[in-house]
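The primary structure of each chain is shown beneath.
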2 protein chains.
Amino acid sequence: MMAKITAVIDIGSNSARMAIFQRTSRFGFHLVEEIKSRVRISEESYESGGMLQGAPMDRAIKALKEFMAIARLRGARKIFCVATSALRDAPNAGEFLARARAEAGVSIKVIEGEKEAFYGAIATLNLLPYREGITIDIGGGSTECAVIKGGKIKELISLDIGTIRLKELFFDKKGSLKEAVAFVKKELEKIPENFRSERVFGIGGTIRALSKAIMKSTSYPIDTIHGFEYPTLSHLETFTKIYSSEVLKLKQFGIKEDRFDTIRGGALIFTALLKLFGAKEVVTSGVGVREGVFLSDLLRGHNFIFPVNFNPSVRSLIDRFCLNENRGKRIKKNALELFDALLERHRIDEGYKYHLGIAARLADIGTALSYYDHHHHGSYFLLHSLTYGFSHKDRAIIALLVEYHNKKIPKDSAIAHVQTLMPSLLTLQWLSFILGLAECLSLGNDAEGFAFGYKNGVLTVSSPHDLYLAKEEAKKLAKPAPIAVIFEKS
Amino acid sequence: MMAKITAVIDIGSNSARMAIFQRTSRFGFHLVEEIKSRVRISEESYESGGMLQGAPMDRAIKALKEFMAIARLRGARKIFCVATSALRDAPNAGEFLARARAEAGVSIKVIEGEKEAFYGAIATLNLLPYREGITIDIGGGSTECAVIKGGKIKELISLDIGTIRLKELFFDKKGSLKEAVAFVKKELEKIPENFRSERVFGIGGTIRALSKAIMKSTSYPIDTIHGFEYPTLSHLETFTKIYSSEVLKLKQFGIKEDRFDTIRGGALIFTALLKLFGAKEVVTSGVGVREGVFLSDLLRGHNFIFPVNFNPSVRSLIDRFCLNENRGKRIKKNALELFDALLERHRIDEGYKYHLGIAARLADIGTALSYYDHHHHGSYFLLHSLTYGFSHKDRAIIALLVEYHNKKIPKDSAIAHVQTLMPSLLTLQWLSFILGLAECLSLGNDAEGFAFGYKNGVLTVSSPHDLYLAKEEAKKLAKPAPIAVIFEKS
């Protein structure tokens, strides 16, 4: 049995962070705490040949001591601590490592750039719903990229360009944008030809800040950064304006004040890489090195990849909220069979069976909070916690099905906020009717032994059960089209 | 150890219902399922001397069979089944009880009217935040009242007036409103003089339907029926209009169609009782006989009352979402001590320490769903699941503190929906600052050994800990007024 609580500390050039993960079963897990301290250990180091300075080291040691205390209070049995470019570059890193061990009781592993790129790739590959693309992880001192193809990590690279590095070397000195551009361009020459992809996975604080600015300016309907996608072309010009902007004008781009000093360098690096890779689409990643370190421990001996059809968020939700899994599976079975029986009538893309199946398994989840309005709670739960491995469209569809599977999907403002992400209303109405009927059929029986047939506008439900309550409930369902439902005892 | 899952079936004149309760610890519990079937067992019985008719009995047996199947699928170890006035009044009740036992395997207990009143009283006394008042539980065949004084049940009465009874005897025959009024008036003469109270607890579907109509017409901000309060005077006239209305005009009062046939009789009974009791305020109860049956089992040997300061919803939330209780208690301790230390500065009513304490214990609850935005999730959780023993004002304050304890409470639309229930913004800002600071102080330490002092605009926090992270976080808190915070190592 592996440790239940694992803490991963990551000492970057800009901030030190700790993520605490809780495993809920063999591969099910979720993040339970994330702490950030802006220790900026690399402060004033880039002009001193990478030498870590006294005050930043003191800050880092204090933060580490309290990180360790938090991890212990949480009951962490495993604590991993990695450090990246600031310590890789520091001639006096040894002094800091010794102090960290003596004063905070923590063994820091300074990881190489390729390893850092690997962790980012492991995280995105396992926790975003795509198997192709290039990761870009922009940090304070370095930037890492990984080429992912067919679900496999093919290439790794680490570049000596980062937000704090550019800030201290160029942006802090007025009028040196050209030099910064040239510096980045030169570093990019190291990148091999095969780093080309239409899709980029964006990792790290800079890229998250840019995504947040886009979400805000476009009034994007879902308030979740992980999995947010946008077309590169629509935003490259803005990114260029951002890195060419004066600090005081950054606010107009929707950038928060605590990013003012690093966003320009970050936007410059990101823009250059997007152009070089030929990226048409950016998928924002809320996960990175810390999740990668955790997963590389969790999935060691499993080729660093989750089993086929395994989703850690679905698993963890079922574990955490004690859902009756057999009931969920039976509702899913009937829902998928109803989908097939009605296929000639609804003609919906079979890809939506994926959403129907997950919504069926998780349809009851809102009852964990309160039975009353549990469909609404369930929708809230899923929209906010189908974190890993789902696109925002997936999340929105599944949440909507759980919300409306026993009532009519309104055309009005109630779903307007997610409408841009959605399939047609008629498709949703069919899926929701099918899920609602499958749930009715499970009332007061084990939902087994059912058979479904469809002919000339009549759906026949055969079952060995009386279905007294099911019939009463089924009458209340909103039908997407004129269709009769007949019950037969088999 | 008592059973973990308990099902309570209640066969009323109008519908049969089953509630399934899950215990999470000795007294902690929550409702996990509620099923209703509109079997209307009393159909056509009131004009037949109470004789139950064949078709209604068949419906009831079918529903009971499936209720039992649902309870068993849920793993219920205890199943209670009670029947009220329809069976009390039926000369052929024995036939039905025998069929229920033989065909559905359920032993039905036909309870007397006073016992029915007792169950309603037990439920409201334990699950609403008041110790004085009269319950009114309007059913299909009868209406029960209980006088509660000083947290004790003093008087019980059952009246032979109910919604279905009035419908079948009077409202189904045109032009007989006067007779119905006289019939009710005559029955009310049975009520002793000491049934007088400014507060009424309203139980049952009719009273819930009236409350829902009021909530809708006043755009009430919280979508929860249990605990909804309104002044009697503002609505008596509407109730009178409702029972004098034609069926087809009921919609204009916000009454749903499935209540059209019973609401007039119900409104008539309710209006007459409110006037007789001299009620100034109605508190809507979402709980009644089923909860009473469950509680009278749970609390037998405890005088049918929860221990002092015990709240079943708080307990059940902590149990269900595996909150770290010690951490919650430490944050609570520091929050209450900060409240006291700053008392001369903020001068807030000490009654709010109750809300501060509960918010402190439950501040982390949103992390059960997702760490990101957990304050928002926590607020959502509490608004929807601090079900029992809280007024809506209590809920709204606690939820707001959890939502905003680490950021500024906005003056704008974000809290407008609950503003009518709230204390002043300044009071909330102080409470939220205090809770936020108490939470910061717990970062990376066991939150013990703290001492707080206030003098001349300066709050001094003494602690044996470094508080490196706490200081970083405390800087981000929004202060309700100019005040300095100084940290001292003790």
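Every value quoted in this text rests on a predicted model; they were computed, and no experiment measured them. Residue positions are given per chain, counting from 1 as you read along its sequence in written order. Chain labels run from A onward and ligand labels from 1 onward, assigned in the order the entries are written. Per-residue local features of the predicted model are confined to residues with pLDDT of at least 70, and side-chain atom pairs are confined, for both listing and counting, to 80 or more; whole-chain, interface and lining totals are unaffected and use all residues. To get the side-chain values, take all heavy atoms of the structure and skip hydrogens and water.

Undergrad: How do you make sense of the overall build of chain A when you look at a structure like this?
TA: Each helix is a run of DSSP H or I of at least 4 residues and each strand a run of E of at least 2, with the numbering of both proceeding from the N terminus. Scanning chain A for helices and strands turns up 18 helices and 14 strands. Within these notes, the globule rule equals 2.2 Å times the number of residues to the 0.38 power, and the radius of gyration is based on C-alpha atoms. Its C-alpha atoms give chain A a radius of gyration of 26 Å, within 12% of the compact-globule value 23 Å for 490 residues. Overall, chain A is about 85 × 50 × 40 Å in size when its C-alpha atoms are taken along their principal axes. Accessible area is worked out with a 1.4 Å probe on protein chains only. A residue is then buried under 20% of its type maximum, exposed over 50%, and partly exposed in between. Counting over 490 residues, chain A shows a buried share of 61%. Summarising the internal contacts of chain A: among those between residues at least 6 apart in sequence, 71% fall at separations of at least 24. When the accessible surface of chain A is split by element, carbon and sulfur atoms take 51% of a total near 19,600 Å². Only four residue types enter the tally: Lys and Arg on the positive side, Asp and Glu on the negative side, with His and both chain ends excluded. Note on charges: their place is set at NZ of Lys, CZ of Arg, CG of Asp or CD of Glu. Here chain A carries 68 positive and 55 negative side-chain charges, and the mean point of each set is 2 Å from the other. The contact definition used throughout considers only heavy atoms, calling two residues in contact when any of these lie within 4.5 Å. Using a 1.4 Å probe, accessible areas were evaluated by the Shrake-Rupley method; residue-level cover was limited to the displayed protein chains.

Undergrad: Explanation requested: the relation of the copies chain A and chain B in the structure shown.
TA: Two copies of the chain are present, and they differ by a rotation about an axis and a shift along that axis. Copy-to-copy superposition: least squares on the C-alpha atoms, limited to residues that have pLDDT of at least 70 in both copies. For the pair chain A and chain B, the relating rotation is 180°, the translation along its axis is 0.0 Å, and the fit reaches an RMSD of 0.0 Å. Such a combination of rotation and displacement between the chain copies is what one expects of a two-fold axis. Taking C-alpha positions as reference, the residue of chain A nearest the rotation axis is A:F321, located at 4.1 Å.

Undergrad: I tried to follow the domain arrangement of chain A on my own but got confused; where do I start?
TA: All names here are of chain A. All the domain ranges listed were derived from an automatic or database domain assignment. The domain boundaries assigned to chain A delineate domain 1 (5–110), domain 2 (114–291) and domain 3 (312–489). The gap between the C-alpha centroids of domain 1 and domain 2 is 23 Å. Each partner contributes residues to the interface: domain 1 has 24 residues there, and domain 2 has 21 residues. The term buried area denotes the loss of accessible surface (1.4 Å probe radius) that occurs when two parts are joined, taken as the sum for both partners. Both faces combined, the contact of domain 1 with domain 2 buries some 1,700 Å², and carbon together with sulfur accounts for 48% of it. When a carboxyl oxygen of Asp or Glu is within 4 Å of a side-chain nitrogen of Lys or Arg, the pair counts as a salt bridge. Counting the contacts that link domain 1 with domain 2 gives 8 salt bridges.

Undergrad: Sorry, what's going on with the packing of helix α7 (residues 205–217) of chain A against helix α9 (residues 260–277) of chain A here?
TA: When two helices pack together, you describe them by how their axes are tilted relative to each other and by the distance separating the axes. All names here are of chain A. One way to put it is that α7 packs onto α9 with a least axis distance of 9 Å and a crossing angle of 90°. When the interaxial angle is binned, α7 and α9 end up roughly perpendicular. In this structure, α7 uses T206, I207, A209 and L210 to contact α9, whose residues at the interface are T262, I263, G266, A267 and F270. The convention used is that axes are lines fitted to C-alpha atoms, helices contributing only their stretch in contact, and that angles between N-to-C directions extend from 0 to 180 degrees. Angle categories are assigned with fixed cut-offs, so that under 35 degrees is roughly parallel, over 145 is roughly antiparallel, 65 to 115 is roughly perpendicular, and the rest are oblique.

Undergrad: Whenever I open this one, the interface of chain A and chain B confuses me. Can you help?
TA: By a widespread convention, an interface's size corresponds to the accessible area lost as its parts come together. Contact residues are listed per partner, giving 48 residues for chain A and 48 residues for chain B. Interface area for chain A against chain B, summed over the two sides, is near 4,000 Å², with a carbon-plus-sulfur share of 54%. Interface area lost by chain A to chain B is led by A:E66, A:Y380 and A:Y468, which between them contribute 17%. Our count for the chain A to chain B interface comes out at 0 salt bridges. Ranked by residues supplied to the side of chain A that touches chain B, first place goes to helix α1 (residues 54–73) of chain A with 9 residues.

Undergrad: What's the story with α9(A) in this structure? I'm lost.
TA: With 18 residues, α9(A) should reach 26 Å at 1.5 Å per residue; the first-to-last C-alpha distance of 26 Å fits that figure. One or two residues past the end of α9(A) sits A:G278, with phi positive at roughly 70°. By definition here, a helix of n residues has an expected span of 1.5 Å times n minus one.

Undergrad: How should the pairing of strand β6 (residues 133–138) of chain B be read in this particular structure?
TA: Looking along a regular strand, one sees the side chains alternate between the two faces of the sheet. All names here are of chain B. Most of β6 is tucked away, with 6 of its 6 residues classed as buried. In β6, alternate side chains face the same way, and those of G133, T135 and D137 on one face and I134, I136 and I138 on the other are all buried. Across 6 bridges, the pairing between β6 and strand β7 (residues 143–149) is antiparallel. The residue of β7 that forms the bridge with D137 is E144. In short, DSSP must find at least two bridges between two strands for them to pair.

Undergrad: I would appreciate a short explanation of the packing of aromatic side chains in the present structure.
TA: Aromatic ring pairs are described here by two measures, namely the spacing of the ring centres and the angle between the planes. Residues and elements named next belong to chain A. Two rings belonging to Phe, Tyr or Trp (six-membered ring only in the last case) form a pair when the distance between their centres is within 6.5 Å. Interplanar angles under 30 degrees mark stacking, angles over 60 mark edge-to-face geometry, and anything in between is tilted. Going through the model one piece at a time under the given rule, you end up with 45 aromatic pairs over all chains. Here F29 and F294 contribute two aromatic rings whose centre-to-centre distance is 4.9 Å and whose plane-to-plane angle is 55°, an arrangement assigned as tilted. Of this pair, F29 sits in strand β3 (residues 29–37) while F294 sits in helix α10 (residues 289–298), and the two are 265 residues apart along the sequence. A residue is classified by how much of its surface remains accessible, and F29, at 1% relative accessible area, is buried.

Undergrad: Looking at this model, I keep getting lost on a positive patch on the surface. Mind explaining?
TA: On the surface, A:K62, A:K65, B:K471 and B:K475 cluster together to form a positively charged patch. With respect to the helices, strands and loops of the structure, A:K62 is situated in helix α1. Patch criteria: residues need more than 30% relative accessible area and no salt bridge. Like-charged residues are merged within 9 Å; nonpolar side chains of Val, Leu, Ile, Met, Phe, Trp and Tyr are merged within 5 Å.

Undergrad: Would you take a moment to explain the side chain of B:E291 for this structure?
TA: All names here are of chain B. Inspection of the secondary structure puts E291 in helix α10 (residues 289–298). There is no salt bridge for the buried E291, and the closest opposite charge comes from R290, which lies 5.0 Å off by N-O distance. The residues contacting E291, other than those within four sequence positions of it, are F21, E34, A123, L127 and G286.

Undergrad: Got a minute to help me understand the pattern of salt bridges in this structure?
TA: Side chains carrying opposite charge are able to pair once their charged atoms draw close together. Under the criterion given, the structure shown has 60 salt bridges over all chains. Measuring nitrogen to oxygen at the nearest pair gives 3.9 Å for the salt bridge that ties A:R361 to A:E325. Residue A:R361 is found in helix α14 (residues 353–361), and its partner A:E325 is found in helix α12 (residues 325–341); the two are separated by 36 residues along the sequence. Across the salt bridge formed by B:E337 and B:K333, the nearest N and O atoms sit 3.3 Å from each other. With a gap of 4 residues between them, B:E337 and B:K333 both fall in helix α12 (residues 325–341), about one helical turn apart. For B:E337, a relative accessible area of 29% puts it in the partly exposed group. Residue B:K333 is classed as partly exposed on the basis of its relative accessible area, which comes to 46%.

Undergrad: Can you walk me through the sheet that holds strand β12 (residues 451–455) of chain A in this structure?
TA: Hydrogen bonding along the main chain pairs the strands of a sheet, whether they run parallel or antiparallel. Residue and element names in this part refer to chain A. Strand order in the open sheet formed by 3 strands is β12-β13-β14, with mixed pairing between adjacent strands. A single partner strand is all that each edge strand has here, and the edge strands are β12 and β14 (484–489). Geometrically, the sheet is characterised by an average inter-axis angle of 20° between neighbouring strands, direction not taken into account. Judged from the 6 bridges that link them, strand β13 (residues 458–463) and β14 form a sheet pairing that is parallel.

Undergrad: Hey, could you run me through the environment of A:D258 in this one?
TA: Within the secondary structure layout, A:D258 lies in the loop between α8 (236–244) and α9. Sequence separation between A:D258 and A:Y119 is 139 residues; the distance between their C-alpha atoms is 26 Å.

Undergrad: Got a minute to help me understand the packing of helix α4 (residues 113–127) of chain B against α10(B) in this structure?
TA: Residue and element names in this part refer to chain B. Where α4 meets α10, the closest approach of the two axes is 7 Å, and the angle between their N-to-C directions is 80°. Relative to α10, the element α4 lies roughly perpendicular. Contacts between α4 and α10 pair E116, Y119, I122, A123, N126 and L127 from the former with V289, E291, G292, V293, L295 and S296 from the latter. Partitioning the contact of α4 with α10 into residue classes produces 7 nonpolar, 3 polar and 2 charged. Note on residue categories: nonpolar means Ala, Val, Leu, Ile, Met, Phe, Trp, Tyr, Cys or Pro, charged means Asp, Glu, Lys or Arg, and polar means any other residue, Gly included.

Undergrad: Help me understand the sheet that holds strand β5 (residues 109–110) of chain A in this model?
TA: Residue and element names in this part refer to chain A. Pairing is mixed across the open sheet formed by 5 strands, whose spatial order is β3-β2-β1-β4-β5. The open sheet has two edge strands with one neighbour each: β3 and β5. In the sheet, strand β1 (residues 5–11) pairs with strand β4 (residues 78–83) via 6 bridges, with the strands oriented parallel. Each residue of the ladder has a partner; that of A7, found in β4, is I79.

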